[in-house]
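# Analysis of the macromolecular model
One letter stands for each residue in the lines below.
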Amino acid sequence: MTTATITKLKDLAKINRLGGKGALADALDEAVQQLVDAETLIRDFPFLVFQAPGTRSVVGARETSEYAHRMGDWSRRRDAFLQGAQK
């Protein structure tokens, strides 16, 4: 999500809050937070970087376990995000 969209939603929330529509402003603030959290999850997806792409590479136990740890951590954060989005 672009920063411009998030900024516009924040501005809209501020306008609604000034206009006495606090419930709508709160809903917009919550939507902004969900967009920021979703963008963070997308950008933090674990990946492996190969030194020489296109050539035969050997992925050892260290790389495999590190990737598995990062993937598990990311999956837990994703599940927590999805649980929060369902409320």
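In what follows, the accompanying structure is described. Note that this is a predicted model, so its numbers are computed, not measured.

Turning to the packing of aromatic side chains, a few remarks are in order. For the structure on display, the rule yields one aromatic pair. Arranged with centres 4.8 Å apart and planes meeting at 85°, the rings of Phe 45 and Trp 74 form a pair that is edge-to-face. Of the two residues, Phe 45 is situated in the loop between α2 (22-43) and α3 (61-85) and Trp 74 in helix α3; the sequence distance between them amounts to 29 residues. Take Phe 45: its relative accessible area is 37%, and that puts it in the partly exposed class.

With that settled, the discussion passes to a nonpolar patch on the surface. There is a patch of nonpolar side chains on the surface, built from Leu 48, Phe 50 and Val 59 and spanning about 240 Å² of accessible area. Mapped onto the elements of the fold, Val 59 is located in the loop between α2 and α3.

What counts, and where the lines are drawn
Residues numbered from 1 in each chain as written. Predicted model: local features only at pLDDT ≥ 70, side-chain atom pairs only at ≥ 80, totals over all residues. Heavy atoms only, no water. Phe/Tyr/Trp six-rings, centres within 6.5 Å; stacked < 30°, edge-to-face > 60°. Helix = DSSP H or I, 4+ residues; strand = E, 2+ residues; numbered from the N terminus. Buried < 20%, exposed > 50% of the residue type's maximum accessible area, 1.4 Å probe, protein only. Patch = residues over 30% accessible without salt bridge, like charges linked within 9 Å, V, L, I, M, F, W, Y side chains within 5 Å. Areas by Shrake-Rupley, 256 points an atom, 1.4 Å probe, with all protein chains shown as cover. Salt bridge = Lys/Arg side-chain N within 4 Å of Asp/Glu carboxyl O.

By themselves these figures say nothing about function.
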